[in-house]
Amino acid sequence: MKFGKEFRSQMVPEWQEAYMHYDYLKTLLKDIQRFKQRTRPTATPDGLNRNLTLYRAFSGLTHWQRHNPVNPSSASDIASQPILVNSVSNNGGHSYQTAFLMSADEGGEYELVYFRRLDDEFNKVDKFYKSKVQEVLKEAAILNKQMEAVIAFRVKVENPPASYFDRTVEMTRLALDENNEKNNMKKKVEKRKEPIQMKAARARPPPLEILDRVKINNTIETPRSTIKSVLRVPQQTELKFSRENLRMVEDQLKQVFVEFYQKLRLLKSYCFLNTLAFSKIMKKYDKIASRNASKSYMKMVDSSYLGSSDEVSKLMERVEATFIKHFSNSNRSKGMNILRPKAKKERHGTTFYMGFFAGCTAALIIALIFIVRTHDILHKEGRKQYMDNMLPLYSLFAYIVLHMLMYAANIYYWRRFRVNYSFIFGFKQGTELGYRQVLLVGFGISVLALLTVIGNLDMEIDPLSKDYDGLTEYLPLILVLLVALLFPFNIFYRSSRFFFLVCLFHCIAAPLYKVTLPDFFLADQFTSQVQALRSLEFYICYYGWGDVRHRTNYCSKSTVFNTFNFIVAVIPYMSRFLQCLRRLFEEKDPMHGYNGIKYFLTIIAVCMRTALSLDGGKGWEVLAWTFSVLAAIFGTYWDLVFDWGLLNRHSKNRWLRDKLLVPEKSVYFIAMILNVLLRFAWIQTVVKFDFNFMHRNTLIATTACLEIIRRGIWSFFRLENEHLNNVGKFRAFKSVQLPFSYDEDEDKDL
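Now for a description of the structure that goes with this document. Quick caveat: nothing in here was measured; it's all calculated off a predicted structure. (Residues numbered from 1 in each chain as written. Predicted model: local features only at pLDDT ≥ 70, side-chain atom pairs only at ≥ 80, totals over all residues. Heavy atoms only, no water.)

1. With respect to the overall build of the protein
Within the protein, the regular secondary structure consists of 28 helices and 4 strands. Out of the 750 residues in the protein, the part that is buried amounts to 43%. Counting only contacts in the protein whose residues sit at least 6 apart along the sequence, the fraction spanning at least 24 positions is 75%. Of the roughly 42,700 Å² of accessible surface on the protein, a fraction of 59% belongs to carbon and sulfur atoms. (Helix = DSSP H or I, 4+ residues; strand = E, 2+ residues; numbered from the N terminus. Buried < 20%, exposed > 50% of the residue type's maximum accessible area, 1.4 Å probe, protein only. Contact = heavy atoms within 4.5 Å. Areas by Shrake-Rupley, 256 points an atom, 1.4 Å probe, with all protein chains shown as cover.)

2. Quick look at helix H26 (residues 666–679)
With 14 residues, H26 extends 20 Å between its outermost C-alpha atoms, agreeing within 8% with the 20 Å of an ideal straight helix rising 1.5 Å per residue. Residues of H26 that are buried include every one of Tyr668, Ala671, Met672, Asn675, Leu678 and Arg679, and no others. For H26, the buried positions fall inside an angular range of 140 degrees around the axis, keeping them on one side. Structural note: H26 exposes Ile673 and Leu677 on the side pointing more than 90 degrees away from its buried face. Residues of H26 that are buried in the fold lie against helix H25 (618–643) and helix H28 (696–728). (Expected span 1.5 Å × (residues − 1). Arc of directions from axis to C-beta.)

3. Considering the packing of H26 against H28
Angle between the axes and distance between the axes: these two values describe a pair of packed helices. Relative orientation of the contacting elements H26 and H28 amounts to 140 degrees, with a least axis distance of 10 Å. As far as their axial angle goes, H28 and H26 are oblique. H28 is crossed by H26, and the crossing has left-handed handedness. When H26 is examined against H28, the residues Val667, Tyr668, Ala671, Leu674, Asn675, Leu678 and Arg679 are found in contact with a partner set consisting of Leu706, Glu707, Ile709, Arg710, Ile713, Phe717 and Glu720. Among the residues forming the contact of H26 with H28, the class breakdown is 9 nonpolar, 1 polar and 4 charged. (Axes fitted to C-alpha atoms, helices over the stretch in contact; angles between N-to-C directions. Parallel < 35°, antiparallel > 145°, perpendicular 65-115°, else oblique. Left-handed = near helix turned anticlockwise from the far one by under 90°. Nonpolar A, V, L, I, M, F, W, Y, C, P; charged D, E, K, R; others polar.)

4. Thoughts on a positive patch on the surface
Residues Lys2, Lys5, Lys30, Lys280, Lys283, Lys284 and Lys287 make up a contiguous surface patch of positive charge. Looking at the positive patch element by element, the count peaks at 4 residues for helix H9 (residues 243–289). Among the secondary structure elements, Lys283 is positioned in helix H9. (Patch = residues over 30% accessible without salt bridge, like charges linked within 9 Å, V, L, I, M, F, W, Y side chains within 5 Å. Salt bridge = Lys/Arg side-chain N within 4 Å of Asp/Glu carboxyl O. Lys, Arg positive; Asp, Glu negative; His and termini not counted. Charge placed at Lys NZ, Arg CZ, Asp CG, Glu CD.)

5. Side note on the pattern of salt bridges
With the rule as written, the count across this model stands at 26 salt bridges. The closest approach of N and O atoms between Arg8 and Asp23, which form a salt bridge, is 2.7 Å. Residue Arg8 is located in helix H1 (residues 3–9), and its partner Asp23 is located in helix H2 (residues 22–39); the two are separated by 15 residues in the primary sequence. On the accessibility criterion, Arg8 (34% relative accessible area) is partly exposed. Overall, Asp23 belongs to the partly exposed group, its relative accessible area being 33%.

6. Overview of the packing of aromatic side chains
In this structure the tally under the stated criterion is 48 aromatic pairs. Seen in terms of ring centroids, Phe427 and Phe499 are 5.0 Å apart; in terms of plane orientation they differ by 70 degrees. Their pairing is edge-to-face. Residue Phe427 is located in the loop between helix H17 (421–425) and helix H18 (435–461), and its partner Phe499 is located in helix H20 (residues 494–508); the two are separated by 72 residues in the primary sequence. Owing to a relative accessible area of 27%, Phe499 belongs among the partly exposed residues under this scheme. With a centroid separation of 5.0 Å and an interplanar angle of 90 degrees, the aromatic rings of Phe716 and Phe717 are classed as edge-to-face. Each member of the pair, Phe716 as well as Phe717, carries the same accessibility label: buried. By way of ring pairs, the aromatic residues Phe3, Phe7, Trp15, Tyr19, Tyr22, Phe128, Tyr129, Tyr270 and Tyr305 are connected into one cluster. A cation sits over an aromatic face here: Lys156 above Phe241, 5.5 Å from the ring centre. A cation over a ring is seen here: Lys588 above Phe585, with NZ or CZ 4.7 Å from the ring centre. (Phe/Tyr/Trp six-rings, centres within 6.5 Å; stacked < 30°, edge-to-face > 60°. Lys NZ or Arg CZ within 6 Å of the ring centre and 35° of its normal.)

7. Topic: the environment of Asp519
The residue Asp519 is located in helix H21 (residues 517–526) in this model. For the pair Asp519 and Val502, spaced 17 residues apart in sequence, the C-alpha separation works out to 8.8 Å. Beyond its immediate sequence surroundings of up to four residues, Asp519 is in contact with Cys503, His506, Cys507, Lys514 and Gln579. Within the structure, Asp519 has its side chain in polar contact with the side chain of His506 (distance 3.3 Å). (Polar contact = N/O pair within 3.5 Å; in protein donor to acceptor, adjacent residues only side chain to side chain.)

8. Focus on the state of the cysteines
If you walk through the whole model with that rule in mind, you get 1 disulfide. The partner cysteine of Cys541 in its disulfide is Cys555, sulfur to sulfur 2.0 Å. Since a negative S-S torsion denotes a left-handed disulfide, the Cys541-Cys555 link at about -120 degrees is left-handed. In this pair, Cys541 is assigned in helix H22 (residues 530–545) and Cys555 in the loop between H22 and helix H23 (559–587), connecting sequence segments 14 residues apart. Not part of a disulfide, Cys507 finds its nearest cysteine sulfur in Cys503, a span of 6.8 Å. Cys507 sits in the buried class, given a relative accessible area of 6%. (Disulfide = S-S within 2.5 Å.)

9. So, the nonpolar core
Membership of the largest hydrophobic core comes to 83 residues, with the highest contact counts inside it found for Tyr114 and Tyr285. Sort the elements by how many residues they give to this core and helix H5 (residues 108–158) lands first, with 21 residues. In this structure, Tyr285 is in contact with Leu29, Ile32, Phe100, Glu111, Tyr114, Phe115, Ser290, Arg291 and Ala293, ignoring residues within four places of it in sequence. Of all hydrophobic cores here, the second largest spans 71 residues; its members include Tyr394, Leu396, Met404 and Ala449. (Core = buried A, V, L, I, M, F, W, Y, C linked by side-chain atoms within 4.5 Å.)

If you want it as structure tokens, here you go:
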């Protein structure tokens, strides 16, 4: 792999703009190379040069020239250098400028431009790295205070004997201080001479007075705590020294250390990659321009903050030592496995079974088509009864599988275009599912669903099995229960299922939980699964009150069922509406209020269309048309402008964004057109198109599938826009709340 591709593949996605622009500098070198090729005289053939070396004097096997290091300050060396790098002070800081000493040479203006751009890139990288190092040093100072409070809390809870402190070492300090470093070096020398008794006498427990100035942050938000905050019930700030609270603060600070260590790792990688990139580009310059400038330039790089700073390495060592000692019981292997989780490897078994189930799905679909056509089931007596009762049951699995296929496709393209979806969703490192795992689960469900469909059709074909008292009539219910019962067990990606259930509960309990991106993203997904929720409602009605033996249901005649038809359809939109109100209340941003209006209009439109399907009056039709058109127009505009960040006429990409991840601009225009067309798929519910070749339930299922496809397209561009916003703010880490807050400061998050 060429260095340019490897360099791009190892970048922190949110810091792309802060890295050295390697490809741009390569284009400048190509300009120099093209000029050299135009003006350079015809070179001597390589064969002749190689042959001339055969006639040079033999230098021997045991003697070689010793190269003494060149003194950069010598006049002869300076005169031979094509560049001179200087440090220039500006605005309280300093930058580096390269003086190209050979600008009078033919084509020197190309090289002059190259070094100006090279200096711009280096100063950008050096400034960014220095600012990030200063940030982590401040965070290290905050972590020091947190560790002091945790250790004091631990002493207060566990109350260890005084002799214990004679055998322990004081807590590792994380924050770096140059004066303290020098003093520590002197103390280390003196400690070697001190007797053991002096060391034991100096060891002291941490001061417990620090607990008088701290309080535990309320990290676990519950509906009860939200209601208390709304009612302004005073929270209890007094510390309770219990083992439960100790475990809670230790777990939380442990997570803070893991996130902080990841920052340090990425910073170290950033420093190494950029230093290597400058070395590579200068070697290319030397080769193309036939100069010897890389040595001088890399000396400047090595002496700069980027090349000489070792704060990050020292911090990493101290974080490792502190974490291993205080959070992994001095077990280095265990501690490092937590701090440095191994990269998730793609297993061949996953790919094999995914392909196997995909093949089985294709084979079963073909078999299903042949069974239907061979036995002419679509024209047999009982077809309408079958479509009225069984299609709503089986369509549930179609909605789920289609949504999973769209999600798998999104994951594939997110990875291809380096959208950091695992960070945006807040997945724990190493637990996020790849597109192969999602496809495996989706195709597995489709195989089970298709087997149940074929089982039911076999009952229709065989005259001996026309008694509807058979087991096959209950196969859809058995499959639903089987999928539901898998959730609690530690099989098939349990951590992902648990993450899904937590987000689902937050959506249901809105607005009693703080709204995060995974929560409102999942609620948006459920707005496209209204028909799936109605299918679940039909399961309850059919198997609870229907005549399963004779494949008959009385759901449409039930007032309770029709009432829940309204409620079920409104639940996802109501959840998003309440989430918008919660964000409006907390963030005071009017945009969340406008977003809430969008969902409120959709709630009214869905209710009007549901009432129209049940009553069919002219008044309901007018109301359904009015609110549906308003909701569709408002929703389409919001999708394109706010969720996708498109339709910007002042952008350098006309009607798109300034920054695009997909190189083909036509993709965005096609997606916008599809969004508009699929947004208005609800028209069939109002106009009630009558297709002779298609049953009413089939038309409803098709419309629902089109909405799921629209949501899948929306998801890709919504997350792309979120990723670009993070890139614009260089936001590459999630905020983790600290366990303690001090009275003298307001630092809550790291």
